[in-house]
Each structure stands twice: as structure tokens, then as C-alpha cells.
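# A look at the structure
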Amino acid sequence: MDATRTIVETVGKLRQRRTAPLVLELDLTEGLSEGPPADPVTALLSMRKTRLTDVLSGLRRARKDPRVTALIVKIGGNPLGLGMVQELRTAVLKLRAAGKRTVAFAETYGEFGAGTVPYYLASAFERVYLQPSGDVGLTGVALEQRFLRDALAKAGVEYQLGQRHEYKTAANTFTQNHMTDAHRESAGRIAESITEQIVAGIAEARRLDPKRVRELIDQGPFIGTEAVEAGLVDALKYRDEVYAETVDDGAHLLYVSRYAKSVLSGKLPRPGTDTVALVHGDGMIRLGRSGRSPLGGGGAMGSDTICAALRSARRDEKVKAIVFRVDSPGGSYVASDAIWREVVLARRAGKPVIVSMGDLAASGGYFVSMAADVIVAQPGTLTGSIGVFGGKPVVGELLGKLGVVTESVAEGANAGMFSPSTAFSDAQWQRVNAWLDRIYADFVGKVAQGRGLTEDRAHELARGRVWTGADAKAAGLADELGGLEDALALARRRAGLADDAPVRTYPRMHPLERLRPPESSEDKSAALARVRLEAWGPLARMAGQLGLPAYGPLVLPGHWTIR
């Protein structure tokens, strides 16, 4: 009898949960992942990290689900890229327009530091809450560049780098000690364009005059009470107060990613069903397989992996269109060209190819995109950078200072050409420049071909210059402003498929990723406590004994940082 009663009670609870009101949750404390993991290490590290595609799919379905009454998003300190933020803002605004309550909560938007982009995300929500001890770091957009030439010279290191052309400024880090005129012009326009987008978004969502938003940016950062008085935040509340106000009695809490997977149960592509292929290309582009970047800090887009995914989608008769999601700063020219070829072949096979750009699709990231039927970018996507640079560091003087003696034997006048011990000879430098000229000419020629431009116009837009997505669309380097959901919808239309036609993701999911994540914040609390005790506890104790912080950000030098 006890067993029967337990079964009946369990079935009753399940039925109640299926009909109970739902409040969806999204915790951005750890950020979001772009695509599926490409190797076991990445799968393990991102095992409990929410994926952007699940969030977008869940929020799209929630708009029409009468059970869903509200969305609560915790905005954490882990930075999200501007393109991803704009993707989320659009999804939230559509949910809000569908009559669902949308609530953003944060302990702080910057903790009296830079927090413009996190607050920009929060502003899309109907209600914006802040912990009483928190702050709003609405301070504007700053693009910061460090130049290492003089420091390297003191150490006895010289960089020999050629670039095509004046806007290909990544090389300037090593060859200049200041911004060139072209560098400053390009960076200035990017900052201006991003600021225009942020001001317009905040003004519209918070019902403020754009001039007033500009004034507030110049006055920030704000202590919590000041943010409330300025109309940037609705109230100062702790997490429990936010949930008490938003979650009605009897409502069931469910993470957006779990909700997306639950509504998709039984609706995955069946054999014989026409589908859209979604190919993810994330990280630095390299030859070989996708996986962890050798420099750390994220994954790498391997040409073997991406080419195989595109080929598989092209040869599958049930795949009627391909969406290629690109989030990359560039990388190997040869690897990029191999991926470009597969995009061309997919189009020749009669399958529409739609590129959806993420936070960044520059240099090689634009190379792999430019042959698509349609390029969709977020207004804040950094793209373009049509150009090339190359060369080597010369460390012979440094080695000499350290007492390191280098000797070599060689057969062939240029056998030691790429050794960092000696500088290029005049003849070798001519070969480097011939290589750079050939790559640039090929890049610009393929841009002209893919985008329907003259080569002169393509060169004018190229020269290594980085554009925001908004400016790239105005210039003809992108076709539409929007996100992944827009690209999928466009692919379905181009292929003549239904609006809810299924999507098959490439590369395929790694088995480790199938481990069940928590369903809600209540489940996550217990899981996190267990993980921290078992995994991080010994490390924290060891760090404390050594006088080191238990955890903290690892900041690597980058081209630009937008906060």
C-alpha cells in the first residue's frame, strides 16, 4: 500500500508541475557558452554552463506558453560580449512584449567599477533590481590599447611585422608606441557606434530621453540610491525580496535551459524530417580539429572539424539550409580558406547558407563568412578587419644578454629565415611582403566576389579596418542586423520550411555534455555547495597558506576590451 501511495503521489506531483505556472530563471554568473564543446576538456569545463542556443529557444517558446508567467535573470560579474548581450536583449524585449513579467537582478552592476554593458543588458527588463549594497557602473565605452615596442626594445626584442594595410592595427601592439592616425580613427568610430547603440537601447527601454542617458553616462558610476533616483533602477532589493515579489504561490521555478530541453522532448529531428543545419565555429581559426586554444582562454575553430560539419550538412538530403554561427577573431589564412571553400560548395549544392555573427567575426572570421548568401550581424558585432599581418620577433639580443649562444648549420639560403635569433635579410623581407600582398589580394578579391562589390570598393572597405555590425551593414559588408534566431528564421524561409522546422546542430554533442544539469536555482544551490567543498576547498586552503587569493580573474592582453 505504501508503495502504491508513493507512486500515486509522485504521478500527482508530476501532473501538478505540468499545469502549474512557471517562472523561468537564467543565471548569468558564469556567462554563457556559444556552441557545443569540441573536445572532452571543453565539455568538462562547460558541463554546467548554459548555452546561448538553449536560452534563445526557451525564451522564444515561452512567449506563446500560457504557463510561463515571468522570467528572472541574475546578471553576474562574468562579462558577456556585446553581440551576445544584444541577442539576449532582443529575446527579453520580445518576451516582455508578449505580456510576460521580466525581472533583472544583480548584486552589483560593476561594484563601483565599469559596468556599462551589464547594465545595458538589464535595462531591457521591465523591472531592474539591485542589491542595496550594489552600484551601477554606467560610465560609457573605453577602448584601451597597450603598446609593447619600447618595453620589448629594452629587453632586446624587436618585432619585424608587415601589415596590409594601415587599419590592420593588431600589429601596432608590437611595432608602435602610440596610436597611429588610422588606429585612432578606427577605434574612435567603434566607440562612438557602440555608445550610440547603448544610449538608444537604454533610453527606449527605460523611457528616458537619449540626451538624459548621455548625461547620466557622464555622471556615473552610481551608488545604489543614486541609481534609483536617476531612474536607472526600480528598487533596491535582496534576492529573496525579488523572488518573493515575482514568484506567485504555487509557481514552479525552472531554468530556461531545462525548460527549452523539456519542451523539445520528443520534437528532435526524426529520420526523414527536413531540417536546418546549425554549424558552430568559435574561437581562433587553425588547421586541424577544433578544441582548446593552445593560448588558453577559450576554444579554437579547427578547419578539419568545421569543413567536415559543412560537408556533412551539404551531403545530407534532409538538410535544406545551413546556418553558420561564427564567433572568431581570425587566425590561419589557409584554414580560413579551406572553410570558405566549403561554404561555396554548400551554396553550389543549392543549399542556402546564412551566417550569424556573434560578438566577433573579424579577419579570418570574416573570411569564412563572406561567401554566404546572407550575413546577419548584431549592431555591436566587431567584424571586417579585411587584411593580414605577419612576421616574427627577433630575440637574438635578448638571448645574448642572458648569455645564450645560438649556432646553426643550414643548407639553403633561406633555411633559417623563420628563426627568431636573426632578423630577415632584405631578400627574405621581400618574400614576406610578397606573401602578404598575395593574401591581401586574395582576401579582397573574394570579398568583392562574395559581396557583389568592385575590387576598388572592396579595398576601400578593407585595409584591415574593423567595423561594428551597424556600420558594416551600412557599408555592404553585412546584410541584416539581428541574431541567431533571425538567421534560423531566414534560413527556414529561404528553404521553404515551416516556421518551426527542426534544427540539427553540428559538430555533434559530446557525450559528457549529456550529464544532467540542475533544474532550478534551488537544485543548483546544493550542487554548488557540494562542488565547492569537494573541488575548490583544498585549493582555497592551499592558496591561503601561500598567501595567494583563492580565486580571481586572469587577464590576458587583448586587442580591445569593452566593458
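Residues numbered from 1 in each chain as written. Predicted model: local features only at pLDDT ≥ 70, side-chain atom pairs only at ≥ 80, totals over all residues. Heavy atoms only, no water.

This next bit is on the overall build of the protein chain. Each helix and strand counted, the protein chain has 21 helices and 21 strands in total. Taken over 563 residues, the protein chain has a buried fraction of 50%. Summing over all exposed atoms, the protein chain offers an accessible surface of approximately 27500 Å²; the carbon and sulfur share of this is 53%. (Helix = DSSP H or I, 4+ residues; strand = E, 2+ residues; numbered from the N terminus. Buried < 20%, exposed > 50% of the residue type's maximum accessible area, 1.4 Å probe, protein only. Areas by Shrake-Rupley, 256 points an atom, 1.4 Å probe, with all protein chains shown as cover.)

Now for the packing of helix α4 (residues 82-97) against helix α8 (residues 181-206). Think of two packed helices as two axes; the pair is described by the angle between the axes and how far apart they sit. α8 packs onto α4 with a crossing angle of 20 degrees between their chain directions and a minimal axis gap of 13 Å. Between α4 and α8, the interaxial angle falls into the category roughly parallel. Where α4 crosses over α8, the two elements pack in a sense that is left-handed. Residue-level inspection shows L82, Q86, R89 and R96 of α4 in contact with α8, the latter providing I194, Q197, G201, I202 and A205. Its residues placed into classes, the contact of α4 with α8 shows 4 nonpolar, 3 polar and 2 charged. (Axes fitted to C-alpha atoms, helices over the stretch in contact; angles between N-to-C directions. Parallel < 35°, antiparallel > 145°, perpendicular 65-115°, else oblique. Left-handed = near helix turned anticlockwise from the far one by under 90°. Contact = heavy atoms within 4.5 Å. Nonpolar A, V, L, I, M, F, W, Y, C, P; charged D, E, K, R; others polar.)

To continue, consider the sheet that holds strand β4 (residues 127-130). Read across the sheet, 6 strands follow the order β8-β4-β3-β2-β1-β9 without closing on themselves; strand pairing throughout is parallel. In this open sheet, the two strands that pair with only one neighbour each are β8 (235-236) and β9 (252-255). Pairing between strand β2 (residues 68-74) and strand β3 (residues 101-106): 5 bridges, direction parallel. Its bridge partner lying in β3, I72 is registered against V103. Against the sheet, helix α11 (residues 239-246) makes contact with β1 (22-27), β2, β3, β4 and β9, and its axis sits at roughly 175 degrees relative to β3, the strand it touches most. (Pairing = 2+ DSSP bridges.)

Tallied over the full model, the rule gives 5 aromatic pairs. Relative to Y119, the ring of Y109 lies with its centre 6.0 Å away and its plane at 85 degrees, an arrangement referred to as edge-to-face. On the criterion of sequence distance, the pair formed by Y109 in the loop between β3 and α5 (116-122) and Y119 in helix α5 is long-range, its members being 10 residues apart. Accessibility assignment for this pair places Y109 and Y119 in one class, buried. Taken together, the ring pairs in this structure connect Y333, F367 and F443 into an aromatic cluster. Seen from the ring of Y243, R239 lies directly overhead, with NZ or CZ sitting 4.0 Å from the centre. Directly above the ring of W467 sits R465, whose terminal nitrogen or CZ lies 4.7 Å from the centroid. (Phe/Tyr/Trp six-rings, centres within 6.5 Å; stacked < 30°, edge-to-face > 60°. Lys NZ or Arg CZ within 6 Å of the ring centre and 35° of its normal.)

Let us now look at the environment of S421. Relative to the assigned elements, S421 resides in the loop between α16 (396-401) and α17 (426-451). Sequence separation between S421 and K392 is 29 residues, and the spatial gap between their C-alpha atoms is 10.0 Å. Those residues in contact with S421 that sit more than four places away from it in its chain are V394, G396, L399 and T406.

The terminal C-alpha atoms of α4, which comprises 16 residues, lie 22 Å apart, in line with the 22 Å expected from a rise of 1.5 Å per residue. Burial analysis of α4 places 12 of its 16 residues in the buried class, the great majority of the element. When we look at burial in α4, the residues that qualify are L82, G83, M84, V85, Q86, E87, L88, R89, A91, V92, L95 and R96. Just downstream of α4, G99 is the residue with a positive phi angle, here 90 degrees. (Expected span 1.5 Å × (residues − 1).)

Membership of the largest hydrophobic core comes to 74 residues, with the highest contact counts inside it found for L28, L71, I75, Y109, V136, L232 and V323. Broken down by element, the residue count for this core peaks at 8 residues, all from α8. What Y109 contacts, discounting residues up to four positions off in sequence, is I75, A104, G115, P118, Y119, A122, V128, Y129, L130, D135, V136 and G137. (Core = buried A, V, L, I, M, F, W, Y, C linked by side-chain atoms within 4.5 Å.)

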